[in-house]
Amino acid sequence: MKNNKIRGTAPLRRLKLGVLVLALGLSACADMSGVAPAQSSMRDPASLGLSTGSAAAPAVSAQWWLEFGDAQLDQLIAQALASNPSLKLAQARLARAQAMAGVARAATLPQVGGAMDLNRQKFSGNYIYPPPLGGAIYNSGDALLNASWELDFFGKNRAALDAAIGTARAAEADAQAARVLLASQVTRSYFQLARLNDQLAVGRRTLAQREETLAIVHDRFSAGLDTKLELRESEGGLPDARQQIEALQEQVALTRNALGALVGQPNAAQTITAPSLSAIKGIATTPVIPADLLGRRADIVAARWRVEASTKDVASAKAQFYPNINLAAFAGFSSLGFGQLFRSGSEQWNVGPALTLPIFEGGRLRANLRGKAADQDAAVESYNAAVIDAVRDVADQVASSQSIVRQQSEQRAAQAAAESAYEIAVQRYKAGLGNYLNVLTAETSVLGQRRLAVDLSARALDTQVALIRALGGGYEAGPVAQSGAGQVAGSTTAQK
């Protein structure tokens with residue numbers, strides 16, 4: 001009777017001991033206390049002067065370059081968007097980020113696998129197997145179906161999935177930002193080519209004008225009205241004009257090469273018709289900083305999604321301090337002898353939960369959490385730097401566009417006066433009422449104004465493109481990206 005009592009209490013004691021060990025394990029699991037949370041906070045639009053009372057600006061078309069009315073430019077941008085390696089690289093990074101999100105999603109779902117193992121084995125006669133198994137050779141086989149599912153009570157896998165989705169969204173916005181940047185680079189290079197071609201036209205007019213002047217001086221020298229000094233001064237202007245033309249032709253060649261590289265077809269820009277600034281239509285842009293600027297720019301949206309991803313990484317790192325509970329099961333057949341494998345009696349199965357928890361891991365989890373918190377601070381500060389730079393970028397382009405309009409007005413007046421003074425100087429020189437130095441001085445002023453007119457026209461177009469890019473270049477965030485602002489703000493607040 002006494003022995004029966006002892007036998008009856010032994011399992012109970014073992015159960016109590018197991019509960020005690022589990023309780024001690026739970027109380028001794030890794031501790032995250034003392035690890036400082038992320039310290040940085042995101043800048044809101046109001047702190048940047050982008051309050052709801054800010055001026056509005058019309059939305060930019062996704063194909064804004066069509067408004068310049070240049071079919072050749074449209075074709076170049078279409079080729080660039082189809083062939084540029086940098087854009088394809090951004091698209092490949094997006095595909096990889098989306099694949100990694102799929103990997104993270106798989107961790108939240110049940111896993112099922114199968115295995116079959118067939119063996120021919122000699123069993124030791126001096127081991128645990130008694131005769132007739134010991135010392136004999138037998139065939140054995142296993143056919144099993146395995147299943148497991150981690151019960152994500154503390155949200156580790158879900159947070160990892162959200163982080164992967166945030167990274168994929170950031171890569172998606174990066175790809176759109178690369179598209180906007182590429183289109184603006186092609187357009188600006190094309191306008192630079194137009195500027196150089198117009199400067200070449202000015203250079204050729206300059207050369208022709210100096211040849212005409214040289215003919216006049218030569219006639220006067222032959223008639224004894226001018227000295228050899230005036231003749232040599234006039235002759236010296238021709239090599240100078242030819243050198244300027246050659247320098248401009250070099251820049252044209254280099255610009256064509258750069259344009260071909262952007263398009264992704266090195267020879268594409270060599271055969272295009274030389275563009276002219278006068279044939280390009282300007283785009284009317286509203287010189288204001290819109291209140292919704294941060295949602296218009298793909299680079300800002302990408303930075304915002306990286307903050308979201310880093311916030312979820314912190315949550316996943318915290319969840320690693322808690323126990324993992326897995327449901328595992330298998331069912332199948334096992335037998336000695338292949339012929340018995342799928343017969344009655346060879347069935348086997350197992351099902352049950354498994355609990356694992358960190359007790360002592362040398363500070364690995366705490367170090368990981370500190371690293372993730374630092375990553376979140378870095379993501380937030382990168383976002384802040386991006387939004388500050390975006391506001392500065394728009395403000396710079398607005399200031400430049402307004403200034404260029406005023407400069408063009410003054411330049412036109414100055415050029416008209418210089419052209420008139422040059423005509424008067426030439427007429428006086430022909431009539432013998434003035435010297436050649438007056439002609440050279442007037443000509444220098446005219447040529448400077450002609451070059452300045454071309455440069456200002458090119459700058460006006462270039463600034464329009466830069467302003468369009470600064471305003472987002474027609475990027476429109478999808479519904480998920482738009483809702484990310486509130487998610488990020490809420491997540492960041494929760495970390496404080």
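Nothing here was measured: the structure is a model prediction, and the numbers come from that model.

## Observations regarding the overall build of the protein
Phase 1: Scanning the protein from N- to C-terminus turns up 10 helices and 4 strands.
Phase 2: For the protein, the α and β elements follow one another from N to C terminus as α-α-α-β-β-α-α-α-α-β-β-α-α-α.
Phase 3: The buried share of the protein, reckoned over its 496 residues, is 38%.
Phase 4: Relative to all contacts within the protein whose residues are 6 or more apart in sequence, the contacts with residues 24 or more apart total 84%.

## What about the sheet that holds strand β4 (residues 347-356)?
Phase 1: Reading across from one edge, β1-β2-β3-β4 is the order of the 4 strands in this open sheet, with antiparallel pairing throughout. Of all the strands in the sheet, just β1 (111-122) and β4 have a single pairing partner and so form its edges. The average angle at which neighbouring strand axes cross in this sheet is 20 degrees, direction not considered.
Phase 2: In this structure, strand β3 (residues 324-336) lies alongside β4, joined through 10 bridges in antiparallel fashion. From the neighbouring strand, Ile325 faces β4, where its bridge partner is Leu355.

## Points about the confidence of the model for the protein
Phase 1: A residue-level look at the protein finds 88% of positions with pLDDT of 70 or above and a mean pLDDT of 82.
Phase 2: A low-confidence stretch, residues 1-8 (pLDDT under 50), is modelled with 0 contacts involving residues beyond four sequence positions or located in other chains.
Phase 3: Low pLDDT, under 50, characterises residues 479-496; the predicted model gives this stretch 34 contacts beyond four residues in sequence or across chains.

## Brief notes about the packing of helix α4 (residues 156-222) against helix α5 (residues 228-263)
Phase 1: Between α4 and α5, the shortest axis-to-axis distance is 8 Å and the interhelical angle comes to 165 degrees. Taken as axis vectors, α4 and α5 run roughly antiparallel relative to one another. For α4 against α5, the interelement crossing comes out left-handed.
Phase 2: Partitioned by chemical class, the residues of the contact of α4 with α5 number 18 nonpolar, 14 polar and 10 charged.

## Looking at a nonpolar patch on the surface
Phase 1: A surface patch of nonpolar side chains, about 440 Å² in accessible area, is lined by Met116, Leu118, Phe338 and Phe342.
Phase 2: Positionally, Phe342 belongs in the loop between β3 and β4.
Phase 3: The exposed category is assigned to Phe342, whose relative accessible area is 53%.

## Some words on the nonpolar core
Within soluble globular proteins, side chains that are nonpolar tend to cluster in buried spots.
Phase 1: Core analysis: the biggest nonpolar cluster contains 70 residues, and Trp64, Phe68, Val186, Tyr190, Phe191 and Leu259 have the highest contact counts within it.
Phase 2: Secondary-structure elements contributing two or more residues to this core are α2 (71-83), α4, α5, α6 (293-296), α7 (298-319), α8 (364-430) and α9 (436-470).
Phase 3: Per-element tally for this core: the top contributor is α8, with 14 residues.
Phase 4: Leaving out residues up to four positions away in the same chain, Phe68 has contacts with Leu73, Thr187, Phe191, Ile280, Lys281, Ile283, Leu461, Gln464 and Val465.

## Quick notes on the packing of aromatic side chains
Phase 1: Inspection of the entire model under this criterion finds 9 aromatic pairs.
Phase 2: When the centroid spacing of 6.5 Å and the interplanar angle of 80 degrees are considered together, the rings of Trp64 and Phe68 count as edge-to-face.
Phase 3: Among the aromatic side chains, those forming a connected cluster through ring pairs are Trp64, Trp65, Phe68, Tyr190 and Phe191.

## Considering the side chain of Gln408
Phase 1: Note on placement: Gln408 falls in helix α8.
Phase 2: Sequence-distant contacts of Gln408, that is, excluding residues within four places in its chain, are made with Leu456, Ser457 and Ala460.

## Quick notes on α7
Phase 1: Taking 1.5 Å as the rise per residue, α7 with 22 residues should run 32 Å; its terminal C-alpha atoms sit 32 Å apart, in good agreement.
Phase 2: Across the 22 residues that make up α7, a large majority, 16, are buried.

## What about the pairing of strand β2 (residues 137-151)?
Phase 1: Direction of pairing for β1 relative to β2: antiparallel, over a ladder of 12 bridges. Residue pairing for β2: Asn119 is matched across the bridge by Ser140.
Phase 2: By the bridge criterion, 12 bridges tie β2 to β3 in an arrangement that is antiparallel. Pairing of Ala143 across the sheet is with Phe333, part of β3.

## Quick look at the packing of α7 against α8
Two quantities define a packed helix pair, namely the angle between the helix axes and the distance between the axes.
Phase 1: Put simply, α7 and α8 touch, their axes get as near as 9 Å, and they point 165 degrees apart. The orientation of α7 with respect to α8, classified from their angle, is roughly antiparallel. Crossing of α7 over α8 shows left-handed handedness. Counted together, Ile300, Ala303, Arg304, Arg306, Val307, Ser310, Thr311, Asp313, Val314, Ala317 and Lys318 of α7 and Asn368, Leu369, Lys372, Ala373, Asp375, Gln376, Ala379, Val380, Tyr383, Ala386, Val387 and Ala390 of α8 form the full contact between these two elements.
Phase 2: Its residues assigned to classes, the contact of α7 with α8 comprises 13 nonpolar, 4 polar and 6 charged.

Each value, and the rule that gives it
- Residues numbered from 1 in each chain as written.
- Predicted model: local features only at pLDDT ≥ 70, side-chain atom pairs only at ≥ 80, totals over all residues.
- Heavy atoms only, no water.
- Helix = DSSP H or I, 4+ residues; strand = E, 2+ residues; numbered from the N terminus.
- Buried < 20%, exposed > 50% of the residue type's maximum accessible area, 1.4 Å probe, protein only.
- Contact = heavy atoms within 4.5 Å.
- Pairing = 2+ DSSP bridges.
- Axes fitted to C-alpha atoms, helices over the stretch in contact; angles between N-to-C directions.
- pLDDT = per-residue confidence, 0-100.
- Parallel < 35°, antiparallel > 145°, perpendicular 65-115°, else oblique.
- Left-handed = near helix turned anticlockwise from the far one by under 90°.
- Nonpolar A, V, L, I, M, F, W, Y, C, P; charged D, E, K, R; others polar.
- Patch = residues over 30% accessible without salt bridge, like charges linked within 9 Å, V, L, I, M, F, W, Y side chains within 5 Å.
- Areas by Shrake-Rupley, 256 points an atom, 1.4 Å probe, with all protein chains shown as cover.
- Salt bridge = Lys/Arg side-chain N within 4 Å of Asp/Glu carboxyl O.
- Core = buried A, V, L, I, M, F, W, Y, C linked by side-chain atoms within 4.5 Å.
- Phe/Tyr/Trp six-rings, centres within 6.5 Å; stacked < 30°, edge-to-face > 60°.
- Expected span 1.5 Å × (residues − 1).

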